[in-house]
Amino acid sequence: MRTGPAVTGFVDQDSPTPEVPLPDQCGATTLTRTITAACGLFAPGHLGALTRYMPFELVEYVLDRPGRRERVRLVPARVAVYFVLALALFPESSYGRVWDTLSGAVRQAGHRVAVMTESGLADLRRRLGPEPLREIFEVVAGPLGRPSTPGVSYRGIRTVAFDGCRSTRAPESAENVAWLGLHKLKAGAVAAYPLLAVMALVETGTRALLGAVIGPVRGEVNQALELMGRLSKDMLVLADRGFDANAFIRAVHHARAALVLRVCSSRKPTVLRVLHDGSYLSVIAGIPVRIITATIVVTCADSSTHRGEYQLMTTLTDARRYPATELLALYHERWEIEVAFLALRSTMLHGRVLRSRDPQGLRQEIWAQLTAYQLLRTAMLDATDALPGCDPDRACFTSALAAARDTVTRADQIVPAQGSELTSPVTDAVTATLLPERRPRISARTVKGVSARYGFRSAEEDRPTASTNVTSIDITLHHPPQTPALPARTRDESPAGEARPKAADVADPTPNRSSADREPDSLLPPPVPHHTSRLDDIRALMRTDPRREWSTTELATLLRLDYHTLAGGLHSWARRGILVKTGRGTFTIPDGPPKPSKLAVHLDDVLTLLATDPHRAWHPRDVAAALNTVKESTLAIHMSGWSRKNLLVKTAPARYTLPAPQILPLSTPTERKKQFPQAA
């Protein structure tokens, strides 16, 4: 029987086991490893095991554009792309150290690699620019989950979420301040660093990025509108109260995607019909919606209770197919985008200030970080998909990031070996460190100041400061009071003297039915096309019943507009012939095609007019006189804003012209005179 460790070699006298010879502790052995990398000058261009998700052919395809293909330098452009991506994986390392990380293993294997200085690597980044990284991100961005992946879809609809991150700090240089500005805190002080805002559209099931917009801190709705092209009809958008804007609701509806939005408590939609589960049908921004109001009470493990009032708006109006309790529970999935921002801001960047001291470098750095994040999410999903029934939430992002960094340092699995295409060190690390099943928890959400170390807690916050387990959740739906139907005012005769039917006959052919027995389609106006002005809202609502005399009270109630402001606008439009005033406070739309508003201004019209004489410095007065659809003062404000967005070139005070690439001359002088006679 052994009395000590096996390495000591002591054996009991009664044991017949022979003595095991000890290994030579001072000996040495030689281990060899095969590295498969690119040839020649392209050898340092890799990203370890993540290279399979962004292969050499993809980078070459992006770089093979007019104006980008250059001579083969000591460090080719393809290597520069992988170098910038490696900077995102190693934010704490300098340029030289990251270059040594990429080329160290290749150099040790006997391959000759260029020796680069810090200034040479900085010039390499500057020569590459941000556009290749942005285009690569556009290629790799997109939904990753399959229909069978747990947590990706709700009743066959893929769930996505909008949100913005405004806490990424940039160096305080003159160029960055001119682009980003200085952020003001609540106390009136100025933040220590300029802040860069990132608006993202994320797949909640896998936390993969579908699209992103970067720029200065501005309105979240305006940034989100730039990502509407990423939505499709098989998606369900989840958004918080910061996106409670009519423009956002219309844009999501125009993209044919479903929407679950938490609206502000100050919004009081009109109750058109109460459904069996307590929700009710209404109209917001001319779109049929369903409103769900509920109180959620959470009981924690320490016997404390916390409650919150929620008012959700959804375009899923079928209450039996989409129960209100399920939508309330589904809204909680919106927090998955906060976890995605946590991985970007804290796990990858470690809360550090970005490297670049100019706007072009900042754009390049952020696009590289978003691309590296998407590649990591792709590898993590490959690991969880290999395990039947495994939720992607259990994948550990920290383990995936550490394994990816190790493969970059070792130049491992750059080209997958035959038979190992579906596995890699990253997927093995994720599989070995799966997180436990998520348990329900609650904690106070504290907002940390940009320059403060400790979080700010509002006085209304009653949730616990530390994360506490939840034992039960009680949801109580509130039934709204049944409001009487608005009176329908009609005109019996048209201006031409022709008799017109009553509005009740047009709206409901069976007037004896009660409002509770009518179908939702007979109470709600049909979806309206995409529009951007208040006049378009009013026209769209009036077109649902063109023979009806609409009162100011009805329009203000259905469109949620201020009564006095709307009344002034209606009288102004009636004087200009855009609407017809039929009585005291009643209006309708005129017969025939709609008359254009004198306040309408469109960028396409201005660009077409300026293209008639591209070498002329146009004054807003001349443009307003030629278009005859907008006032000079209004047009001057719009043209000044377009010049700041580089859509126009400001050559002198109140003088504008077209940028050279946007010159669109008409074919002949005769056509130009016919289209814009006053400009000629």
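Since we're looking at a predicted model, the values are computed, not measured.

A.B. asks: What am I meant to see in the overall build of the chain here?
C.D. replies: Scanning the chain from terminus to terminus reveals 22 helices and 20 strands. Here the chain, with 680 residues, has 45% of them falling under the buried criterion. Put simply, of all contacts in the chain between residues at least 6 apart along the chain, 66% involve residues at least 24 apart. Within the structure as shown, the chain displays about 35000 Å² of accessible surface, and the carbon and sulfur contribution to it stands at 53%.

A.B. asks: Help me understand the packing of aromatic side chains in this model?
C.D. replies: Where two aromatic rings form a pair, the distance of their centres and the angle of their planes describe that pair. Taken as a whole, this structure holds 10 aromatic pairs when the rule is applied. Between Phe-83 and Tyr-95 the ring centres are 6.1 Å apart and the planes differ by 75 degrees, which places this aromatic pair in the edge-to-face class. Linking Phe-83 in helix α2 (residues 77-89) with Tyr-95 in helix α3 (residues 95-108), this pair joins segments that are 12 residues apart in sequence. Here Phe-83 falls in the buried class, since its relative accessible area comes to 0%.

A.B. asks: I would appreciate a short explanation of the pairing of strand β3 (residues 195-203) in the present structure.
C.D. replies: Within a regular beta strand, the side chains point alternately toward one face of the sheet and then the other, so they alternate between its two faces. The buried count for β3 comes to 9 of 9 residues, which makes it a mostly enclosed element. Both faces of β3 are covered, namely the face carrying Leu-195, Ala-197, Met-199, Leu-201 and Glu-203 and the face carrying Leu-196, Val-198, Ala-200 and Val-202. By the bridge criterion, 8 bridges tie strand β2 (residues 157-169) to β3 in an arrangement that is antiparallel. Paired with Gly-164 across the two strands is Met-199, which belongs to β3. Between the antiparallel neighbours β3 and strand β4 (residues 208-216) lie 4 residues, among them Arg-207 with a positive phi of about 60 degrees.

A.B. asks: I keep staring at the pattern of salt bridges and nothing clicks. Help me out?
C.D. replies: One side chain can pair with another of opposite charge once the charged atoms of both are near each other. Summed over the entire model, instances satisfying the criterion amount to 20 salt bridges. Between Arg-134 and Glu-131 there is a salt bridge, with the nearest N and O atoms lying 2.9 Å from each other. Taken as a pair, Arg-134 and Glu-131 lie in helix α5 (residues 131-140) at a separation of 3 residues, close to a single helical turn. Members of the salt-bridge network, linked through shared partners, are Asp-163, Asp-240, Arg-334 and Glu-338.

A.B. asks: For this particular structure, what's the right way to read the side chain of Thr-468?
C.D. replies: Positionally, Thr-468 belongs in strand β14 (residues 468-477). For Thr-468, the contacting residues outside a window of four places in its chain are Cys-300, Ala-301, Asp-302, Pro-440, Arg-441 and Ile-442.

A.B. asks: How should the environment of Ile-578 be read in this particular structure?
C.D. replies: Mapped onto the elements of the fold, Ile-578 is located in the loop between α18 (563-575) and β17 (580-583). Relative accessible area serves as the criterion here: at 2%, Ile-578 is assigned to the buried category. Sequence separation of Ile-578 and Thr-588 is 10 residues, and the distance between their C-alpha atoms is 9.6 Å.

A.B. asks: Quick question: what am I supposed to make of unusual backbone geometry here?
C.D. replies: When glycine is set aside, most residues are seen to have a negative phi, and most peptide bonds are trans. Here Arg-207, not a glycine, exhibits a phi torsion of approximately 60 degrees, which is positive. As for its position among the elements, Arg-207 is in the loop between β3 and β4. Residue classification places Arg-207 among the buried residues on the basis of a relative accessible area of 6%.

A.B. asks: So what exactly am I meant to see when it comes to α3 here?
C.D. replies: Turn by turn, an α-helix covers 3.6 residues, leaving residues three or four places apart pointing in a common direction. Between its first and last C-alpha atoms α3 spans 20 Å; for 14 residues at 1.5 Å apiece the expected length is 20 Å, and the two agree. The axis of α3 is deflected most strongly, by about 40 degrees, at Leu-102. With respect to burial, α3 is a largely interior element, 10 of its 14 residues being buried. Buried residues of α3: Tyr-95, Gly-96, Val-98, Trp-99, Thr-101, Leu-102, Ser-103, Gly-104, Ala-105 and Val-106, and no others. Its buried side turned inward, α3 meets α2, α4 (118-128) and α12 (397-410). Once α3 finishes, Gly-110 follows within two positions and takes phi at roughly 105 degrees, a positive value.

A.B. asks: What is the right way to look at the environment of Pro-143 in this model?
C.D. replies: Structurally, Pro-143 can be placed in the loop between α5 and β1 (153-154). Each C-alpha atom of the pair Pro-143 and Arg-207 lies 9.0 Å from the other, and the pair is 64 residues apart in sequence. Sequence-distant contacts of Pro-143, defined by excluding residues within four places in its chain, comprise Arg-158, Glu-203 and Leu-210.

A.B. asks: Looking at this model, I keep getting lost on the side chain of Thr-295. Mind explaining?
C.D. replies: Along the chain, Thr-295 falls in strand β9 (residues 287-300). For Thr-295, a relative accessible area of 6% gives the class buried. Here the side chain of Thr-295 touches Glu-309 through a polar contact of 2.7 Å, side chain to side chain. Polar side-chain contacts of Thr-295 include one of 2.5 Å to the side chain of His-478. Ignoring anything within four residues of it in the chain, the contact list for Thr-295 reads Arg-307, Gly-308, Glu-309, Asp-474, Ile-475, Thr-476 and His-478.

A.B. asks: Before we go on, may I ask you to explain helix α10 (residues 336-348) in this structure?
C.D. replies: A rise of 1.5 Å per residue sets the reference length of α10, with its 13 residues, at 18 Å; its end C-alpha atoms lie 17 Å apart and thus fit the reference within 8%. The largest bend along α10 measures about 30 degrees and falls at Leu-342. Along α10, the positions that sit buried rather than exposed are Glu-336, Ile-337, Glu-338, Ala-340, Phe-341, Ala-343, Leu-344, Thr-347 and Met-348. On its buried side, α10 packs onto α2, β2, β3, α11 (359-385) and α12. Looking one or two residues beyond α10, the residue adopting positive phi is His-350, at roughly 60 degrees.

A.B. asks: Please explain the packing of α10 against α11 as it appears in this structure.
C.D. replies: Helix-helix packing is characterised by the crossing angle of the two axes and by the distance between the axes. Close contact between α10 and α11 brings their axes to 11 Å; oriented N to C, the two are set at 115 degrees. The angle between α10 and α11 falls in the class roughly perpendicular. Between α10 and α11 the crossing geometry is right-handed. Contact residues: α10 offers Ala-340, Ala-343, Leu-344 and Met-348, while α11 offers Gln-369, Leu-370, Ala-372, Tyr-373 and Arg-377.

A.B. asks: Is there a simple way to think about the confidence of the model for the chain in this case?
C.D. replies: As a note on interpretation, predicted positions should not be read in detail where pLDDT is low. Across the chain, pLDDT averages 80, with 80% of residues at or above 70. Counted against residues more than four places away or in other chains, residues 449-453, with its pLDDT under 50, gives 9 contacts. Confidence drops under pLDDT 50 across residues 662-667; counting only partners more than four residues distant or on other chains, this segment forms 11 contacts.

Reading the values: the criteria
Residues numbered from 1 in each chain as written. Predicted model: local features only at pLDDT ≥ 70, side-chain atom pairs only at ≥ 80, totals over all residues. Heavy atoms only, no water. Helix = DSSP H or I, 4+ residues; strand = E, 2+ residues; numbered from the N terminus. Buried < 20%, exposed > 50% of the residue type's maximum accessible area, 1.4 Å probe, protein only. Contact = heavy atoms within 4.5 Å. Areas by Shrake-Rupley, 256 points an atom, 1.4 Å probe, with all protein chains shown as cover. Phe/Tyr/Trp six-rings, centres within 6.5 Å; stacked < 30°, edge-to-face > 60°. Pairing = 2+ DSSP bridges. Salt bridge = Lys/Arg side-chain N within 4 Å of Asp/Glu carboxyl O. Expected span 1.5 Å × (residues − 1). Bend = angle between axes of the 7 residues up to and from the residue. Polar contact = N/O pair within 3.5 Å; in protein donor to acceptor, adjacent residues only side chain to side chain. Axes fitted to C-alpha atoms, helices over the stretch in contact; angles between N-to-C directions. Parallel < 35°, antiparallel > 145°, perpendicular 65-115°, else oblique. Left-handed = near helix turned anticlockwise from the far one by under 90°. pLDDT = per-residue confidence, 0-100.

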